[in-house]
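Structural description and commentary
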Amino acid sequence: MKFVDEFRDPELGGALAREILSTVEPGRHYKIMEVCGGHTHSIYKYGVDDLLPANVELVHGPGCPVCVIPMGRVDDGIAIAHEPGVIFTCFGDMLRVPGADGTLLDAKAQGADVRMVYSPLDALRIARENPDREVVFFAIGFETTAPSTALTLMRAKAEGVPNFSCMCNHVTIVPPLRALLDSPDLRLDGFIGPGHVATIVGARPFEFIAADYGKPVVISGFEPVDLLQSVQMILAQLRAGRCEVENQYSRVVPHEGNIRALTCMSEVFALRPHFEWRGLGFISQSALRLSDAYADLDAERRYSVPGVRVADPKACQCGEVLKGVIKPWECKVFGSACTPEHAIGTCMVSPEGACAAYYNYGRFAREREVV
């Protein structure tokens, strides 16, 4: 299969692993952050980490859109779901994200009409089919999924669907990366750039990492050979003393991004002055809201929500995991009190969450290492 099988070629993967081994400097420890949660899952699913030298360490970053949603925003969504006559729609992985008063799945069990959708267009269809009900779509995601929300809102406005609205929780990738790089307790040598986000925004937005912070960035695909090649490209930059943004995922990612998608986003969305990130606190201009032209479709203006900031459970260390400070298995409740079936934190819930990746794949490697 073109663009899949060839990027899972074990011989090519082995050749890249040998090239990485020949590139590293003896005695030097390398710490590289894979920003996207999809990369984390691929790394452990395919055993990419096992092919790297011991002095090349991969750490997870804040690139899982579900993981960064704070508990207060979940509670706001639950409050809207309990409004009379509301059909509350969201992606499946949001159903089990814990708020202070339970999850959206708990709200559904209590009688709220909460429905899983695969696309915001599904939510719009539900609104057309139920003209006597208010339908709210709980929008999440980085720039990857924001265009689909924007196009859905444009269609709802064009068709004049009065009973459809959106609770916008879309976030942007650059501000949290800048916040991480400004953090004094985190030392990184380079970044594996988020391939999915880059399909929309392109490679240009990541140039500040190389220009302002002197760290190499390689935009990467998600297959094992993609990731090995991206690590090799980062190490080659470091060995040559270069700091650039390189695009390993050029078969999908254009340097300038998807101009049509960016145009739709600029029409429908505006930047929020501040937004709270789980474990990272408030970050300026790091999230999107509906623009004034689409204010009539904004669920946060239609409904009264608590808007209360809720502290994470004391046992949960999702914040440290999202910042790459600790590995998931270093969390006190990982794999014991916190599992995918009974999650305390968001990183264990989402299919892109680091804790879920380590639990499903990486914990077995960790057990072998401990034994």
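You'll find the structure just up there.
Reading the values: rules and limits
Residues numbered from 1 in each chain as written. Predicted model: local features only at pLDDT ≥ 70, side-chain atom pairs only at ≥ 80, totals over all residues. Heavy atoms only, no water. 1 Å grid on protein atoms, 1.4 Å probe; cavity = no way out; pocket = protein on both sides within 12 Å on 5 of 7 lines; lining within 4 Å. Points joined across faces, edges and corners; volume = space filled by probe spheres on them. Nonpolar A, V, L, I, M, F, W, Y, C, P; charged D, E, K, R; others polar. Disulfide = S-S within 2.5 Å. Buried < 20%, exposed > 50% of the residue type's maximum accessible area, 1.4 Å probe, protein only. Salt bridge = Lys/Arg side-chain N within 4 Å of Asp/Glu carboxyl O. Helix = DSSP H or I, 4+ residues; strand = E, 2+ residues; numbered from the N terminus. Pairing = 2+ DSSP bridges. Axes fitted to C-alpha atoms, helices over the stretch in contact; angles between N-to-C directions. Contact = heavy atoms within 4.5 Å. Right-handed = clockwise from strand over helix to strand, strands pointing away.

Details of empty space enclosed by the protein
Summed over the entire model, instances satisfying the criterion amount to one cavity of 30 Å³ or more. Counted as a void, the largest cavity has a volume near 70 Å³. Along the walls of the largest cavity sit C316, Q317, C318, V321, C331, V333, F334, C338, G345, M348 and C355, which together make up its complete lining. Taken together, the residues of the lining of the largest cavity sort by class into nine nonpolar, two polar and no charged.

A short note on the state of the cysteines
Tallied over the entire structure, the rule returns one disulfide. Residue C64 pairs covalently with C67 via a disulfide, S to S 2.5 Å. Across the S-S bond linking C64 and C67, the dihedral sits near 70°, which makes this disulfide right-handed. A residue is classified by how much of its surface remains accessible, and C64, at 0% relative accessible area, is buried.

Quick notes on the pattern of salt bridges
A complete count under the given rule lists 22 salt bridges for this structure. Ionic pairing is found between D212 and R178, a salt bridge with its closest N-O pair at 3.8 Å. Taken together, the positions of D212 in helix α9 (residues 207–213) and R178 in helix α7 (residues 174–181) put the pair 34 residues apart, joining distant regions of the chain. Where D292 meets R289, a salt bridge forms, and the shortest distance between an N and an O atom there is 3.8 Å.

Things to note about the sheet that holds strand β5 (residues 134–141)
Pairing is parallel in the open sheet, where four strands are placed in the order β4-β3-β5-β6. The sheet terminates laterally at β4 (113–116) and β6 (164–170), the two strands that pair on one side only. Between one strand and the next, the sheet's axes are offset by a mean angle of 20°, whatever the strand orientation. Along the sheet, helix α6 (residues 146–159) makes contact with β5 and β6, crossing β6 at roughly 160°.

Details of unusual backbone geometry
At Q285, a position not held by glycine, the phi torsion is positive, near 50°. Structurally, the position occupied by Q285 is in the loop between β12 (281–284) and β13 (288–290).

Here we look at the layout of surface pockets
Its boundaries defined by the atoms lining it, the second largest pocket holds a volume of some 250 Å³. Secondary-structure elements contributing two or more residues to the lining of the second largest pocket are β5 and α8 (195–201). Looking at the lining of the second largest pocket residue by residue, the class counts come to nine nonpolar, six polar and two charged.

Some points on the sheet that holds strand β8 (residues 217–219)
Taken together, the five strands give an open sheet; going across it, the order is β2-β1-β7-β8-β9, and neighbouring strands pair in parallel fashion. Both edges of this open sheet fall to β2 (56–63) and β9 (245–247), since each of them pairs with a single strand only. Taking each pair of neighbouring strands and ignoring which way they run, the sheet shows an average axis angle of 20°. Of the pairings in the sheet, the one linking strand β7 (residues 190–193) to β8 comprises three bridges and is parallel in character. Along β8, the bridge assignment pairs I192 with V218. Where helix α2 (residues 37–45) meets the sheet, it contacts β1 (30–36), β2 and β7, and its direction lies at approximately 120° from that of β1. Across the sheet, helix α10 (residues 224–240) is in contact with β1, β2, β7, β8 and β9; its angle to β8 comes to roughly 155°.

Structural notes on the pairing of β4
With four bridges connecting them, strand β3 (residues 86–90) and β4 associate as parallel partners. Paired with F88 across the two strands is V114, which belongs to β4. Assessed by its sense of winding, the connection that carries the chain from β3 through helix α4 (residues 104–109) to β4 is right-handed.

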